Amino acid sequence: MEREEFVSGYCRQLDASRMVEVLVVDGQLDEVDCGYFSCVYRPNCQIAQRIDEIAQAEM
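Residues numbered from 1 in each chain as written. Predicted model: local features only at pLDDT ≥ 70, side-chain atom pairs only at ≥ 80, totals over all residues. Heavy atoms only, no water.

## Looking at a negative patch on the surface
Okay, step 1: Taken together, Glu 2, Glu 4, Asp 26, Asp 30 and Glu 31 make up a surface patch of like negative charges.
Okay, step 2: Within the residue set of the negative patch, elements represented by two or more residues are β1 (2–11) and β3 (28–32).
Okay, step 3: Along the chain, the position of Glu 2 falls in strand β1.
Okay, step 4: Residue Glu 2 is classed as exposed on the basis of its relative accessible area, which comes to 59%. (Patch = residues over 30% accessible without salt bridge, like charges linked within 9 Å, V, L, I, M, F, W, Y side chains within 5 Å. Areas by Shrake-Rupley, 256 points an atom, 1.4 Å probe, with all protein chains shown as cover. Salt bridge = Lys/Arg side-chain N within 4 Å of Asp/Glu carboxyl O. Lys, Arg positive; Asp, Glu negative; His and termini not counted. Charge placed at Lys NZ, Arg CZ, Asp CG, Glu CD. Helix = DSSP H or I, 4+ residues; strand = E, 2+ residues; numbered from the N terminus. Buried < 20%, exposed > 50% of the residue type's maximum accessible area, 1.4 Å probe, protein only.)

Below, the structure written as structure tokens:
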């Protein structure tokens, strides 16, 4: 099963607001339309926190 969500918020790396597409396939994060997996700001990122919530909801 495939599910698509959009998350908006402030991106420190871009220093701007951002809309991020999150694709979940078979209960796993498949694609994230930003540097979520390697971003140095991830621990303090509002967008990453929401993506984490999406991933947790799938478990």
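## Thoughts on the nonpolar core
Okay, step 1: Counting 11 residues, the largest nonpolar core is built from Val 7, Val 20, Val 22, Val 24, Val 32, Tyr 36, Cys 45, Ile 47, Ala 48, Ile 51 and Ile 54.
Okay, step 2: Among the secondary structure elements, those contributing two or more residues to this core are β2 (16–25) and α1 (46–58).
Okay, step 3: Sort the elements by how many residues they give to this core and α1 lands first, with four residues.
Okay, step 4: Residues within four places of Val 7 in sequence aside, it is in contact with Arg 18, Met 19, Val 20, Val 22, Ile 47, Arg 50 and Ile 54. (Core = buried A, V, L, I, M, F, W, Y, C linked by side-chain atoms within 4.5 Å. Contact = heavy atoms within 4.5 Å.)

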